[in-house]
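In case you want the letters, here they are:
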Amino acid sequence: MRLQNLLPLIAIFALSPALLRAEPPREIAVGVMAELSGPFASVGEDCRRGYEIAKAAFTDNGIVGNYKVNLVYGDHQRDAKLGVTEYNRLLNQARAIAIVSNASSVVMAINPMSAARGLPLIGSSAHPQFIKNNPYGFRFWLNADVEGGALAQKAIEMGKKSAAIITLEEDYPLAVSNGFVPVFEKLGGTIVANEHVLKTDVDYAGIIARLRAKPSDLVFVNVIGDQLPVLLKKLREQGIKQQIFSTFSMSKKEYLDVAGHENVEGIIYLEINGEKPKFTQKLFEVSGTRLATGLNYTCYAGLAFVLEALKQNPNVFTSADLFATLQKIDGINLLDGTLYMKEREAQLEYLFRIVRDGQLVDFKG
């Protein structure tokens with residue numbers, strides 16, 4: 001090649017030294033946990049969809065800023081012991097620089113480990129002590145006191161003066177019931193029964209008999225996962241006809257089908273508001289539905305929070321580097337606008353939904 005033909009190339013490289021020393025994106029691992037199998041797999045699928053939407057929306061085939069982000073999944077099955085095992089695997093084998101997880105029972109089990117190691121933990125956890133006990137924790141769910149209190153206030157607004165509660169013995173439902181009771185009583189309501197069920201329970205005859213013996217205006221069935229539709233069906237079939245409040249698990253169509261549409265008609269529950277047009281379009285593309293659940297949205301937003309930090313800081317080498325950046329973020333640039341952070345809590349909106357003719361619709365009453 002003649003010298004005159006080489007001169008333009010020489011000039012380009014001389015003016016662009018960065019081209020000569022360009023480096024591939026730095027690989028970084030982020031642990032993402034959910035119930036990928038087991039009795040709560042349907043709940044975990046909502047969370048997984050949220051993670052995948054965040055990856056598709058905020059990375060270019062996994063690349064964001066200076067980084068190639070590898071999402072490493074952990075299957076905690078909503079079991080605290082398994083959650084700890086998966087947490088250690090993600091840290092020690094995958095070298096995850098942060099953990100994003102749903103399920104209060106799991107988040108609270110790994111919370112002290114996160115605090116001890118200074119590893120950012122982004123949790124869809126309602127437990128009031130989550131971020132209080134861990135300076136490296138960031139909440140992407142409503143505080144259980146807020147959620148329980150909002151349900152209690154809605155019950156009083158509807159004229160319900162007495163309530164019976166059935167609570168699953170698991171961190172999240174227990175915390176929400178603990179938030180419901182004092183607000184309901186403060187507003188003039190009376191708790192006539194406060195029953196608990198275990199994850200292994202299949203016979204609810206005793207509980208139902210006690211509820212029939214102590215009639216109330218409202219039954220708050222604070223149970224999640226596969227037990228919920230079975231319990232709802234038995235309650236209705238055995239004569240519990242009053243208004244029922246329930247949990248975000250009501251968003252699962254398969255649960256409505258198992259319980260029977262006649263048995264879930266009129267049930268009301270509180271849901272984190274993910275009804276954002278661009279987000280629901282992405283949800284439709286990955287799942288075929290535009291009805292966003294709280295976990296769709298919070299798992300999406302929680303992972304987007306980490307990706308936002310990586311985008312802002314090109315010099316993240318350690319968990320400490322990432323945490324320092326996360327602390328400074330007061331707003332996350334999501335598909336439909338900014339989600340604000342305040343004192344390590346995402347400022348989430350919520351709404352109420354009701355079952356009407358087998359469909360979930362917003363409840364304005």
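Each remark here, short or long, concerns the structure printed above.
Here the structure is a predicted model, which means the values were calculated and not measured. (Residues numbered from 1 in each chain as written. Predicted model: local features only at pLDDT ≥ 70, side-chain atom pairs only at ≥ 80, totals over all residues. Heavy atoms only, no water.)

A.B. asks: Sorry if this is basic, but what is going on with the sheet that holds strand E8 (residues 190-197) here?
C.D. replies: Hydrogen bonding along the main chain pairs the strands of a sheet, whether they run parallel or antiparallel. Strand order in the open sheet made by the 7 strands is E8-E7-E9-E10-E11-E15-E16, with mixed pairing throughout. On the outer flanks of this sheet lie E8 and strand E16 (359-362), each paired with one strand and no other. Strand-to-strand, the axes of this sheet are offset by a mean angle of 25°, without reference to chain direction. Here 4 bridges tie strand E15 (residues 350-356) to E16, and the two strands are oriented antiparallel to one another. Bridging across to E16, Arg353 finds its partner in Asp362. Its contacts with the sheet put helix H8 (residues 205-213) on strand E7 (162-168), E8 and strand E9 (218-222), and the angle it makes with E8 is roughly 175°. (Pairing = 2+ DSSP bridges. Helix = DSSP H or I, 4+ residues; strand = E, 2+ residues; numbered from the N terminus. Axes fitted to C-alpha atoms, helices over the stretch in contact; angles between N-to-C directions. Contact = heavy atoms within 4.5 Å.)

A.B. asks: Where do I start with the packing of helix H6 (residues 144-157) against helix H7 (residues 171-186) in this structure?
C.D. replies: Geometrically, a packed helix pair is captured by the angle between its two axes and the distance between the axes. Across the interface, H6 lies against H7 with an axial gap of 7 Å and an inter-helix angle of 45°. As judged from the angle between their axes, H6 and H7 are oblique. When you trace H6 past H7, the crossing you get is right-handed. In this structure, H6 uses Ala144, Asp145, Glu147, Gly148, Gly149, Leu151, Ala152, Gln153, Ala155 and Ile156 to contact H7, whose residues at the interface are Tyr172, Ala175, Val176, Gly179, Phe180, Val183 and Phe184. Here the residues of the contact of H6 with H7 sort into 11 nonpolar, 4 polar and 2 charged. (Parallel < 35°, antiparallel > 145°, perpendicular 65-115°, else oblique. Left-handed = near helix turned anticlockwise from the far one by under 90°. Nonpolar A, V, L, I, M, F, W, Y, C, P; charged D, E, K, R; others polar.)

A.B. asks: Just checking my understanding: could you explain the state of the cysteines for this structure?
C.D. replies: Here a disulfide denotes a covalent bond joining the sulfur atom of one cysteine to the sulfur atom of another. Throughout the structure, instances matching the rule amount to 1 disulfide. Between the sulfur atoms of Cys47 and its disulfide mate Cys299 the distance is 2.0 Å. Between Cys47 and Cys299 the sulfur-sulfur dihedral comes to about -95°; the bridge is accordingly left-handed. A residue pair is termed long-range when its members are at least 10 positions apart, and Cys47 in helix H3 (residues 41-58) and Cys299 in helix H13 (residues 294-312) qualify at 252 residues. According to the relative accessible area criterion, Cys299 is buried, its value standing at 1%. (Disulfide = S-S within 2.5 Å. Buried < 20%, exposed > 50% of the residue type's maximum accessible area, 1.4 Å probe, protein only.)

A.B. asks: Help me out: how do you make sense of the environment of Gln243 in this one?
C.D. replies: Inspection of the secondary structure assignment puts Gln243 in strand E10 (residues 243-246). For Gln243, a relative accessible area of 18% corresponds to the buried category. Gln243 sits 26 residues away from Asp217 along the chain, and the two C-alpha atoms are 6.7 Å apart. Leaving out residues up to four positions away in the same chain, Gln243 has contacts with Met158, Lys160, Asp217, Leu218, Val219, Gly266, Ile267 and Ile268. A polar contact of 2.9 Å, which involves the side chain of Gln243, links it to the backbone oxygen of Gly266. (Polar contact = N/O pair within 3.5 Å; in protein donor to acceptor, adjacent residues only side chain to side chain.)

A.B. asks: Explanation requested: the pattern of salt bridges in the structure shown.
C.D. replies: Taken as a whole and judged by the stated rule, the model has 14 salt bridges. For the salt bridge of Glu170 with Arg78, the shortest nitrogen-to-oxygen distance reads 2.5 Å. Here Arg78 lies in the loop between strand E3 (67-75) and helix H4 (80-92) and Glu170 lies in the loop between E7 and H7, a separation of 92 residues in the sequence. An identical accessibility class is assigned to Glu170 and Arg78; each is buried. For Glu345, the salt bridge is made with Arg139, and the minimal N-O distance between the two is 2.7 Å. Within this pair, whereas Glu345 is found in strand E14 (residues 345-346), its partner Arg139 is found in strand E6 (residues 137-139), the two being separated by 206 residues in sequence. Overlapping salt bridges bring together Glu271, Glu275, Arg353 and Asp362 as one network. (Salt bridge = Lys/Arg side-chain N within 4 Å of Asp/Glu carboxyl O.)

A.B. asks: It is not clear to me how the packing of H13 against helix H14 (residues 319-328) should be interpreted in this structure. Could you clarify?
C.D. replies: Packing of H13 against H14 leaves a shortest axis separation of 9 Å and a crossing angle of 100°. The angle between H13 and H14 places the two elements in the roughly perpendicular class. Within the contact between the two elements, H13 uses Phe305, Val306, Ala309, Leu310 and Gln312 and H14 uses Leu322, Thr325 and Leu326. Its residues placed into classes, the contact of H13 with H14 shows 6 nonpolar, 2 polar and no charged.

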